[in-house]
Amino acid sequence: MAAQESPPPFAAAAAATRASGDMASPPSPGEGGQSHTSERNPEKIQDQLAASSSSSAAAAKKRKSSETTTAGSTTLASRPLPPRYPPYPTLPPGTRPTRKYLDSVLDWAKERRRIAKLSKKDIPTLRDLPMDPITADAVVTSQDKAMVLRVARSVVSVSSTMPDGGGLISRCTGVVIGWDGANKRAKILTAASVVCDFNGELHNPALKLSVSMPNNTTTEGRLLFYNVHYGIALLEVMGDYKLEVPSFGSGTNYGQVIFALGRGENMSLMVSHGTISWTDYPVLLRNHNMFLSCDIPEGGSGGPVVDHDGNMIGIAFEENPGPVVISIKTIMTCMEMWDQFSRVARPLLGMQLKSVELLDVSIQEELCRDYNITSGFIVSQVLVDSTAEKLGIRRGDVIVFQDIDCSTLSQLEDHLLSLGWGYLKGMHLTVDLKVEVHNLFDSYRESITFPVQFTDASKQVN
């Protein structure tokens, strides 16, 4: 009748432990009288239950830790074996291949292709070749790689599309130049070509701007302003993802070693490496442009140009006859003007210039020997009805700005742009500069007053 008695209080707990599989269940009543022994030692049984509970908790914790170290709930031990390639069909020595054997070779090759296709996964550790060979050649040393990766945290991709789900208009690279952590807002500097055409007309008044962040998230961008002459556009984005602002250098210099960063179509980081060329070309009255010795990455217009320490010294654009960079000093002046006045006042010279300093050494010698000219700027183009033309300046003349200490076009542009503050404040409409004009055709020089005009238009103004 003992077997029909109600189980003692610990039996339910033992059953629960038995169901969990963490310890063997105690013998049931009637199995050698062990249940009566347990009943006579309740303190020992309580110790066993406590040990069991502790063991179960430890095992559960261990399982949880193991699961969090692998993808999902899969453990390393449970992963399936990788597909195996079949052995190559063998042929006994001295035996000529038969049709059946050749068919087996074809089947072997087909099976290898099938397995290879199944095994092919696009993860970085299984790629034998670099995504972009130019980037691989441009960034070689560990120091350069660390520097580029640091700058890349500020590099984004910017694209414009037609409204209502229309097609792609343009895709460029952008760089974070401002971050408001309190309001989760960032300012993105990029190329004006993403929003407007060569003349400054918007591609579409209702175009949609998308900004892809370094963490591969995409958010909508809002156009704040653009200036087609300097080729820049400023966007604003909002989001929870914290963006980093790069460190800024003092500006660009001829012969400087640079890295140009861009974002590819799939947000891949692309880099080119070169120098700022000791050359200048007459290009569309953009005296501020400096040419690069290397191509910039595809889609890299608007991307940062950095020095060997990772300081941003400008942004790159794809121009004809080659890629150019505009100095960060010029860009920052434009940004400060827009912040204070919501417009940018730039100078109108009406001339395309070339620096005497960058001429071929043999031409420099001739200018010095025959005309006593050692510095200044050569006039390569004069606009019709411009102030310069009305003052008698002609193509081939050399002009020297007497009150400005500059020898390169970028230095001249920065100085003239700085004079635009007075225009924005309403202090003056023009600024008079003392200029010495060397007329090489008639072999004489003359000092004149040149009134520099300004414009605050975003579109192209000559």
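Here the structure is a predicted model, which means the values were calculated and not measured. (Residues numbered from 1 in each chain as written. Predicted model: local features only at pLDDT ≥ 70, side-chain atom pairs only at ≥ 80, totals over all residues. Heavy atoms only, no water.)

A. View of the overall build of the chain. What the chain contains, in helices and strands, is 11 helices and 18 strands. In the chain, which comprises 462 residues, the proportion classed as buried is 42%. Put simply, 63% of the contacts in the chain that link residues at least 6 apart link residues at least 24 apart. Total accessible area on the chain stands at roughly 26000 Å², and carbon and sulfur atoms take up 52% of it. (Helix = DSSP H or I, 4+ residues; strand = E, 2+ residues; numbered from the N terminus. Buried < 20%, exposed > 50% of the residue type's maximum accessible area, 1.4 Å probe, protein only. Contact = heavy atoms within 4.5 Å. Areas by Shrake-Rupley, 256 points an atom, 1.4 Å probe, with all protein chains shown as cover.)

B. Expanded view of the sheet that holds strand S2 (residues 168-180). Ordered in space as S1-S2-S3-S6-S5-S4, the six strands form a closed barrel in which the pairing is antiparallel. The average undirected angle you get between the axes of adjacent strands in this sheet is 40°. Inspection of the sheet shows strand S3 (residues 185-191) paired to strand S6 (residues 232-238) by seven bridges, in the antiparallel sense. Bridge pairing in S6 links Ile-188 to Leu-235. (Pairing = 2+ DSSP bridges. Axes fitted to C-alpha atoms, helices over the stretch in contact; angles between N-to-C directions.)

C. Examining the packing of aromatic side chains more closely. Overall, the coordinates contain six aromatic pairs when judged by the stated rule. Sitting above the plane of the Tyr-85 ring, Arg-112 keeps its charged end 4.0 Å from the centroid. (Phe/Tyr/Trp six-rings, centres within 6.5 Å; stacked < 30°, edge-to-face > 60°. Lys NZ or Arg CZ within 6 Å of the ring centre and 35° of its normal.)

D. Looking closely at the pattern of salt bridges. The full count for this structure, using the stated rule, is eight salt bridges. The salt bridge partner of Arg-222 is Glu-236, with a shortest N-O separation of 2.8 Å. In this pair, Arg-222 sits in strand S5 (residues 218-227) while Glu-236 sits in strand S6, placing the two residues 14 residues apart along the sequence. Owing to a relative accessible area of 48%, Arg-222 belongs among the partly exposed residues under this scheme. Judged by relative accessible area, Glu-236 falls into the buried class, the value being 14%. In this structure, Arg-343 engages Asp-456 in a salt bridge whose closest nitrogen and oxygen atoms are separated by 2.5 Å. (Salt bridge = Lys/Arg side-chain N within 4 Å of Asp/Glu carboxyl O.)

E. Main features of the pairing of strand S18 (residues 444-455). As judged from the three bridges shared by strand S13 (residues 346-348) and S18, these two strands associate in the antiparallel manner. Directly across from Pro-347, in S18, lies its bridge partner Phe-454. Looking at chain direction, strand S17 (residues 430-439) and S18 are connected through 10 bridges and run antiparallel. Residue Leu-433 lies in a different strand from S18, and its bridge partner there is Phe-450. Joining the antiparallel neighbours S17 and S18 is a turn of four residues, in which Ser-443 adopts a positive phi near 55°.

F. Seen up close, unusual backbone geometry. A cis amide bond, omega 20°, links Asn-320 with the succeeding residue Pro-321. Of note in this structure, Met-267 is not a glycine but carries a positive phi near 70°. On the secondary structure map, Met-267 appears in the loop between strand S7 (257-263) and strand S8 (269-275). Despite not being glycine, Ser-342 has its phi angle at roughly 60°, a positive value. As for its placement among the helices and strands, Ser-342 is situated in the loop between helix H7 (328-341) and S13.

G. Looking closely at the side chain of Ser-159. Within the fold, Ser-159 resides in strand S1 (residues 155-161). The contacts of Ser-159, once residues within four sequence positions are left out, are Leu-168, Ser-170, Arg-171, Val-194, Lys-208, Leu-209 and Ser-210.

H. Seen up close, helix H10 (residues 409-418). The buried count for H10 comes to seven of 10 residues, which makes it a mostly enclosed element. Considered for burial, the residues of H10 that qualify are Leu-409, Ser-410, Leu-412, Glu-413, Asp-414, Leu-416 and Leu-417.

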